[in-house]
Amino acid sequence: MEFESVEKDLMGRIGRLKTRHGVVETPAVLPVVNPNLITEEGAITPRELYDRFGFRMIITNSYIILKSENLKEKALERGLHSMLDFPGAIMTDSGTFQSYVYGDVDVDPERIVEFQRLIGSDIGTILDVFTTPKATRGEAEEALKTTLKRAKDSKKIAGEMTLAVPLQGGIYTDLRERAALDVTALGAEYIPVGGVVPLMESYRYRELFEILFHVQRGLTRGVPVHLFGAGHPSVIPFAVALGMDLFDSASYVKYARDGRYFTEYSTRSVEVLEELPCNCPVCSNTDARELREMPQKEREALLSRHNLYVIQRVIKEVKQAIREGTLWEMLERYGRAHPKLWKAFLLIGERWEDVEQLDPLYKKRLFLISKVSRGQPVFRRAIKRLMERYQPVGGPEGLLIKESGSFTKYLGKGYEDKEILLPSPYGPLPAHLFEVFPFGQTVSEDSFDEGEILSKYSSLERVEKAPEGGDWQWWNMRFLWGGVQMQFGGDVPEALWGSPEEAMKDVKVVRSKKTSRGRSVQYRGKHYFGVRASEGTFTLSWFSARALLNRFEPPRFRVVVSEEAAPYNAEGRSVFPRFVVDIDPELRPGDEVIVVDKDDNPLALGRLLLSPREVGEMKSGVAVKVREGVKSRER
Ligand SMILES: [Zn+2]
């Protein structure tokens with residue numbers, strides 16, 4: 001089974017899972033289908049899930065089918081897809097959850113896997129040992145051992161069916177991490193995280209998120225991860241941000257039976273609703289009173305459909321947020337649903353360094369709403385780079401201008417030998433960095449004139465106002481020098497151009513006449529960098545790429561590909577992860593990279609789409625989107 005990552009934000013991603021019954025785009029929620037109940041009047045059929053709601057994958061329970069003579073016979077004879085009338089992918093569970101709810105289950109671990117294969121399940125699940133949060137460490141360890149043994153035995157009989165191997169480990173984060181490592185080593189292609197429903201039922205979100213952080217450390221990023229039993233819309237955005245790709249929901253129908261109505265943030269009883277705060281087809285055609293007073297069965301039918309619409313809406317919202325790089329914003333909104341959820345959300349900010357490894361560099365925008373917004377990895381990364389990479393271009397004397405306004409009006413007139421700083425949400429910020437990501441993309445009502453960065457200056461003069469105007473070339477050199485430090489590293493501008501004074505003579509920034517934004521950079525008359533103006537980042541040319549290769553040892557700035565792939569990349573084709581033999585570990589998704597062969601010959605220029613860790617772990621998809629190959633250029 002192939003799985004690739006298409007778009008990323010935080011630790012979350014939009015993925016494409018190729019099954020024998022079509023492609024499933026993730027994140028996705030799989031509605032739980034109870035084969036005993038779909039024939040009831042008003043029940044949602046699998047066909048309706050596919051046609052009307054657009055679900056491309058569902059999950060059903062093979063244990064329930066096995067235990068019913070009638071269903072078992074039908075499933076063996078006609079196959080699961082025909083029996084349920086569902087053309088998409090079907091995953092089956094094995095009875096583990098039943099063992100948690102009803103005590104022991106009466107089934108053989110190998111028999112249930114074989115049965116799932118025989119009825120044509122796309123993804124079958126081993127019979128793992130459910131570990132509750134109450135389990136002792138000893139019990140949890142024992143359960144892991146048994147589960148791992150069963151996984152090994154099951155692998156032999158799974159055939160062409162993809163085998164899901166759930167992670168247990170109870171509340172012991174180190175056991176969770178080890179389980180993830182073990183299951184990864186086993187080569188599992190689909191990994192659910194199990195045993196978490198009791199945590200969610202008692203709002204123990206912080207413990208859940210802690211577990212997911214540890215799971216993420218042990219897992220490969222190359223397989224889809226499923227959070228078992230998490231189908232409530234309020235939790236989904238967080239779980240996605242923590243790297244979960246798939247979910248399942250039985251609650252849409254279970255809750256409907258109890259007269260419970262989903263909203264994005266909570267569950268309400270229809271008994272107390274005077275309004276239906278939703279525009280789905282159900283809520284557009286009825287009102288709260290009608291819903292309250294209608295017969296139980298009819299109400300259940302409508303409520304379960306409404307609940308599914310809400311789930312779909314949240315999934316779409318999550319995907320759009322990932323595409324825009326605004327998932328954090330969404331979490332800040334959703335976190336307010338419950339104090340315990342908020343407390344758990346804060347953990348993502350506390351663990352920002354874990355997230356930062358996988359988080360793309362560039363986002364469409366950065367809203368700072370509250371103090372908590374400053375915990376997001378892209379903000380923290382900017383502060384870190386400012387402290388580690390940035391050295392004042394304009395010398396050790398700072399001039400802090402308190403007056404806010406357009407940063408390009410201060411072009412050095414009367415203070416050429418100082419570095420101009422302006423208050424910003426990041427603290428005092430060199431004015432020329434407002435053209436650099438993320439400083440120019442940050443939207444905030446707060447700015448500070450105190451901050452760590454002041455330690456970089458030997459003296460600081462504070463003034464209310466400063467003369468406007470000056471020399472663009474003076475400004476350009478600072479913008480370029482500072483921007484390159486932030487993007488490529490503190491030692492890079494000097495290695496490329498010697499000193500700021502020399503750069504003043506040799507380097508030219510070409511700006512748009514209309515917007516005065518940077519367009520490109522020339523060095524001694526040659527094209528050196530392109531400028532992505534909306535981001536404030538530089539793109540490499542062959543000229544600058546060769547300069548970097550000459551001055552910096554491998555693997556810095558490089559993605560090294562195998563001999564087999566080299567000719568294709570040289571022609572301008574994208575780099576696939578499995579052909580990468582080495583990569584600069586400091587790179588992040590979104591970075592400019594030079595694709596080279598084993599002898600350090602440049603092959604192509606492009607943009608890295610994955611983190612170095614993912615490049616090592618993903619089996620399909622694109623690692624580097626190539627802009628230009630050496631051969632494509634000569635052609
Ligand atoms: Zn509705």
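Residues numbered from 1 in each chain as written. Predicted model: local features only at pLDDT ≥ 70, side-chain atom pairs only at ≥ 80, totals over all residues. Heavy atoms only, no water.

(A) Focus on the nonpolar core. Of all hydrophobic cores here, the largest spans 108 residues; its most connected members are Leu167, Val193, Phe209, Leu227, Phe247, Leu327 and Ile348. With ten residues, the top contributor of residues to this core is helix 15 (residues 296-324). Setting aside residues up to four positions removed in sequence, phenylalanine 209 forms contacts with Phe238, Leu242, Leu341, Ala344, Phe345 and Leu347. Among the nonpolar cores identified, the runner-up in size contains 101 residues, and Ala28, Ala431, Ala466 and Ala547 belong to it. (Core = buried A, V, L, I, M, F, W, Y, C linked by side-chain atoms within 4.5 Å. Buried < 20%, exposed > 50% of the residue type's maximum accessible area, 1.4 Å probe, protein only. Helix = DSSP H or I, 4+ residues; strand = E, 2+ residues; numbered from the N terminus. Contact = heavy atoms within 4.5 Å.)

(B) A look at the side chain of threonine 286. Relative to the helices and strands, threonine 286 is located in the loop between helix 13 (281-284) and helix 14 (288-293). Side-chain polar atoms of threonine 286 contact the side chain of glutamate 290, separated by 2.9 Å. (Polar contact = N/O pair within 3.5 Å; in protein donor to acceptor, adjacent residues only side chain to side chain.)

(C) Summary view of the coordination of the zinc ion. Around the zinc ion, the protein contributes the donor atoms Cys278 (SG), Cys280 (SG), Cys283 (SG) and His306 (ND1), at 2.1 to 2.3 Å from the metal centre. Between the four donor atoms coordinating the zinc ion, the angles at the centre fall across 97 to 117 degrees, so the site counts as tetrahedral. Taking the relative accessible area as the measure of exposure, histidine 306 reaches 1% and is therefore buried. (Donors = N, O, S within 2.8 Å, 3.2 Å for Na, K, Ca; no water. Tetrahedral: all angles 85-135°; square planar, octahedral: opposite > 155°, others 65-115°.)

(D) Region of interest: the pattern of salt bridges. The final tally for this structure, using the stated rule, is 48 salt bridges. Between glutamate 264 and arginine 313 there is a salt bridge, with the nearest N and O atoms lying 2.9 Å from each other. Of this pair, glutamate 264 sits in the loop between strand 12 (260-262) and strand 13 (267-269) while arginine 313 sits in helix 15, placing them 49 residues apart in sequence. Accessibility expressed as a relative area gives 30% for arginine 313, which makes it partly exposed. For the salt bridge of arginine 333 with glutamate 317, the shortest nitrogen-to-oxygen distance reads 2.9 Å. (Salt bridge = Lys/Arg side-chain N within 4 Å of Asp/Glu carboxyl O.)

(E) View of the domain arrangement of the chain. In terms of domain boundaries, the chain breaks down into domain 1 (2-355), domain 2 (478-540) and domain 3 (553-634). Spacing between the C-alpha centres of domain 2 and domain 3 amounts to 23 Å. When domain 2 packs against domain 3, close to 750 Å² is buried across both sides, 45% of that on carbon and sulfur atoms. Here domain 2 is connected to domain 3 by three salt bridges. Residue arginine 532 is joined to glutamate 592 by a salt bridge in which the shortest nitrogen-to-oxygen separation is 3.7 Å. Counting across the domain 2 and domain 3 interface gives five residue pairs in polar contact (both at pLDDT 80 or more). Contributing elements (two or more residues each) for the side of domain 2 that touches domain 3: helix 20 (472-488) and strand 25 (537-540). (Domains from an automatic or database assignment. Buried area = accessible area lost by both parts, 1.4 Å probe.)

(F) Region of interest: the sheet that holds strand 28 (residues 592-596). One open sheet holds the five strands; their spatial order is 27-26-28-29-30, and the pairing between them is mixed. Of all strands in the sheet, those bounded by a partner on one side alone are strand 27 (580-583) and strand 30 (624-629). Sheet twist, expressed as the mean angle between neighbouring strand axes with direction ignored, is 30 degrees. Pairing between strand 26 (residues 558-561) and strand 27: three bridges, direction antiparallel. Among the inter-strand pairings, valine 561 is bridged to a residue of strand 27, identified as valine 580. Sitting on the sheet, helix 23 (residues 542-551) is in contact with strand 26, strand 28, strand 29 (602-608) and strand 30, with an inclination near 100 degrees to strand 29. (Pairing = 2+ DSSP bridges. Axes fitted to C-alpha atoms, helices over the stretch in contact; angles between N-to-C directions.)

(G) Fine view of the pairing of strand 28. Among the five residues that make up strand 28, five are buried, leaving the element largely enclosed by the rest of the structure. On strand 28, burial covers both faces: Glu592, Ile594 and Val596 on one face and Val593 and Val595 on the other are all buried. When strand 28 meets strand 29, the two strands line up antiparallel, connected through five bridges. Residue pairing for strand 29: glutamate 592 is matched across the bridge by arginine 607. Between the end of strand 28 and the start of strand 29, which pair antiparallel, lie five residues, with aspartate 600 showing a positive phi angle near 70 degrees.

(H) Spotlight on helix 20. Taking 1.5 Å per residue, 17 residues should reach 24 Å; helix 20 reaches 23 Å between its end C-alpha atoms and fits that length. Burial of helix 20 is extensive: 15 of the 17 residues sit out of reach of the surface. For helix 20, the capping residue at the N-terminal end is aspartate 471, with a side-chain oxygen 3.1 Å from the backbone nitrogen of glutamine 473. A positive phi of about 140 degrees marks glycine 489, the residue just after helix 20. (Expected span 1.5 Å × (residues − 1).)

(I) Summary view of the packing of aromatic side chains. According to the stated counting rule, one finds 25 aromatic pairs in the structure shown. Residues tyrosine 255 and phenylalanine 262 carry aromatic rings whose centres are separated by 5.6 Å and whose planes lie at 80 degrees to one another, so their mutual orientation is edge-to-face. Centre to centre, the rings of tryptophan 497 and phenylalanine 529 are 6.4 Å apart; their planes meet at 80 degrees, and the pair counts as edge-to-face. Of this pair, tryptophan 497 sits in helix 21 (residues 492-497) while phenylalanine 529 sits in strand 24 (residues 526-532), and the two are 32 residues apart along the sequence. Here tryptophan 497 and phenylalanine 529 have matching classes, each one buried. Counting every residue linked through ring pairs, the aromatic cluster contains Phe479, Trp481, Phe488, Trp497, Tyr523, Tyr528, Phe529, Phe538, Phe543, Phe552 and Phe557. Between the NZ or CZ atom of arginine 365 and the centre of the ring of phenylalanine 367, over which it lies, the distance is 4.3 Å. If you follow lysine 526 out to its NZ or CZ, it ends over the ring of phenylalanine 543, 4.8 Å from the centre. (Phe/Tyr/Trp six-rings, centres within 6.5 Å; stacked < 30°, edge-to-face > 60°. Lys NZ or Arg CZ within 6 Å of the ring centre and 35° of its normal.)

(J) Molecular detail of the side chain of aspartate 9. For aspartate 9, the location among the structural elements is in strand 1 (residues 2-9). Given a relative accessible area of 1%, aspartate 9 falls into the buried group. Of the polar contacts made by the side chain of aspartate 9, one reaches the backbone nitrogen of leucine 327; its length is 2.9 Å. Apart from residues lying up to four places away in sequence, aspartate 9 is in contact with Ala321, Ile322, Gly325, Thr326, Leu327, Trp328, Asp359, Pro360 and Lys363.

(K) Geometry of the sheet that holds strand 18 (residues 429-430). With mixed pairing, four strands are arranged side by side in an open sheet as 18-17-15-20. In the strand order of this sheet, the two ends are held by strand 18 and strand 20 (459-463), each with one partner.

(L) Expanded view of a nonpolar patch on the surface. Together, Phe367, Ile369 and Val443 give the surface a local cluster of nonpolar side chains, amounting to about 260 Å² of exposed area. Of note, isoleucine 369 is situated in the loop between strand 14 (366-368) and helix 19 (377-388). Taking the relative accessible area as the measure of exposure, isoleucine 369 reaches 58% and is therefore exposed. (Patch = residues over 30% accessible without salt bridge, like charges linked within 9 Å, V, L, I, M, F, W, Y side chains within 5 Å. Areas by Shrake-Rupley, 256 points an atom, 1.4 Å probe, with all protein chains shown as cover.)

(M) Geometry of the packing of helix 10 (residues 205-218) against helix 17 (residues 339-350). It is at 8 Å that the axes of helix 10 and helix 17 come closest, and there the two elements cross at 30 degrees. By the angle between their axes, helix 10 is roughly parallel relative to helix 17. In the packing of helix 10 onto helix 17, the handedness of the crossing is right-handed. Between helix 10 and helix 17, the contacting residues are Tyr205, Arg206, Phe209, Glu210 and Phe213 on the first element and Lys340, Leu341, Lys343, Ala344, Phe345, Leu347, Ile348 and Glu350 on the second. Here the residues of the contact of helix 10 with helix 17 are counted per class, giving eight nonpolar, no polar and five charged. (Parallel < 35°, antiparallel > 145°, perpendicular 65-115°, else oblique. Left-handed = near helix turned anticlockwise from the far one by under 90°. Nonpolar A, V, L, I, M, F, W, Y, C, P; charged D, E, K, R; others polar.)

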